[in-house]
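Coordinate inspection notes
Each chain, written out:
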Amino acid sequence: MTIANDPNLVSWLSIPADSDFPLQNIPFGVACLSHNECFIATRIGDNVINLALLHRLGYFNALNIEANVFNAPCLNPLMKQGKCGIRALRDRIATLFSSGNVELQNCVEHQREAIYNVDVVRMMLPVQIGDYTDFYSSKEHATNVGMMFRDPENALLPNWLWLPVGYHGRSSSIITSDMAVRRPKGQTKLEGENPVYGPSKRVDFELEMGFITFDGKPLGERITTDEAEEYIFGLCLFNDWSARDIQQWEYVPLGPFLAKNFASSMSPWIVTLDALQPFKVESPVQNPPVLDYLKFEGKKSYDIQLEVFLQPANGEENRICSSNFKYMYWNMAQQLAHHTVNGCNIRCGDLMGSGTISGPTPDSYGSMLELAWKGTLPIAMSDGTTRTFIQDFDTVIFRGFCRQKELRIGFGEVRTQLLPAFE
Ligand code: CA
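What you see is a predicted model; the values in this text were computed from it and never measured. (Residues numbered from 1 in each chain as written. Predicted model: local features only at pLDDT ≥ 70, side-chain atom pairs only at ≥ 80, totals over all residues. Heavy atoms only, no water.)

Relative to the helices and strands, Ser242 resides in strand β15 (residues 242–243). Separated by 3.1 Å, the side chain of Ser242 and the backbone oxygen of Asp240 make a polar contact. (Helix = DSSP H or I, 4+ residues; strand = E, 2+ residues; numbered from the N terminus. Polar contact = N/O pair within 3.5 Å; in protein donor to acceptor, adjacent residues only side chain to side chain.)

Cis peptide bonds are those with omega within 30 degrees of zero, and the linkage from Val252 to Pro253 qualifies with 0 degrees. Relative to the elements of secondary structure, Pro253 occurs in the loop between α6 (244–250) and β16 (264–266). Following Asn287, the chain continues to Pro288 via a peptide bond in cis, the omega torsion being 10 degrees. On the secondary structure map, Pro288 appears in the loop between β18 (280–281) and β19 (301–302). At Trp373, a position not held by glycine, the phi torsion is positive, near 40 degrees. If you trace the backbone, Trp373 turns up in the loop between α8 (368–371) and β23 (379–380).

The next point concerns the layout of surface pockets. Estimated volume of the largest pocket: approximately 720 Å³. Lining the largest pocket are 29 residues, and of these Tyr136, Arg150, Gln247, Tyr251 and Pro256 sit closest to its centre. Mapped onto the lining of the largest pocket, the elements with two or more residues apiece are β6 (132–135), α5 (139–149), β7 (166–168) and α6. Taken as a whole, the second largest pocket holds about 560 Å³ of empty space. Together, 25 residues line the second largest pocket, and Arg43, Val118, Pro268, Trp269 and Glu413 are the ones closest to its centre. Sorting the residues of the lining of the second largest pocket by element identifies β5 (122–123), β25 (395–404) and β26 (407–419) as the ones contributing at least two each. Here the element with the most residues in the lining of the second largest pocket is β26; it accounts for three residues. Of the residues contributing to the lining of the second largest pocket, the split by class is ten nonpolar, four polar and eleven charged. (1 Å grid on protein atoms, 1.4 Å probe; cavity = no way out; pocket = protein on both sides within 12 Å on 5 of 7 lines; lining within 4 Å. Points joined across faces, edges and corners; volume = space filled by probe spheres on them. Nonpolar A, V, L, I, M, F, W, Y, C, P; charged D, E, K, R; others polar.)

Now the structure itself:
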């Protein structure tokens, strides 16, 4: 076990009870103070810690990492240090902020320079994303969608139980939390009528998690399920915005296009796969048995509680969904093994979306499409209004965390307001 995962570690920094960011988390992100350059940061409680400054002050001398890794506008140079390099850094940070270690605790001046309250910091898109792949790995979600749009008796397509279905998405429109999204315009078509151009009337979220990869193997080689987790840096919350009416008209035969690529929102803190190790759980039983290259040993799923809140303009938050990452039928190791089985290479900073994470009960469905069942079951808000899809000026908030006894490791949130379409 790494030092940072020791559940008994206590910090000399004050950490609110129930914080997503105890000393055992040590996520990584890119932060910025107003008018200043970005820097690589971690978060402990409500403190954002400037790792570039701590590096300059000599606190990471033993790690032999170059300064430009921390003075960067994205985590990619840090990820190039690989799993071992980042593990050592995470351990060093946990040690430095542990009770009993006085190196930094005794230097108030350095603390003032390098530690900021979360409220004065702006979080940036953490990763320069090369390729973005989106999977479709929740059986409950795929079944619900199949029931709505195809045959309720044969909701899953024949390939679904045999391989983790995925498609190549678009990375240029991935944004981070607190950045608004415009309602997209495009072609939609009602039954029996000609298509029209205009604002989408069915803008939806998709509750997903994303994982970020390290450099993979050379083109032509594959990553096995056994090896897969060595190539995963960490996870984030991921809202894969969707325009259902545009999607329905355009997706045949090559799959979704403009219905999906107008925006996807990721949370700013990447929680390392190392930090999530205490929360590993068994995966759902897979029947029929999968092909050999998709078989795996041990626990490959993670118990991460996920929540979606919808906040009308000037209104209060309404929790509309509670799901869990552990419901995913296909796990990350299988997704990565499948993605590379033909020799397709992955690179440092690729993002893989899990696909919408729906659970077994109606309150655990991970999209408005399912929660309001294609518009037939409007969802009540506390202000007396109802929703079937997302309205202009609504804010959608995802939160996620793991909990085991006293230990809570969380992701913070990803928050996005939907603005009206451009004229
Ligand atoms: Ca998706």
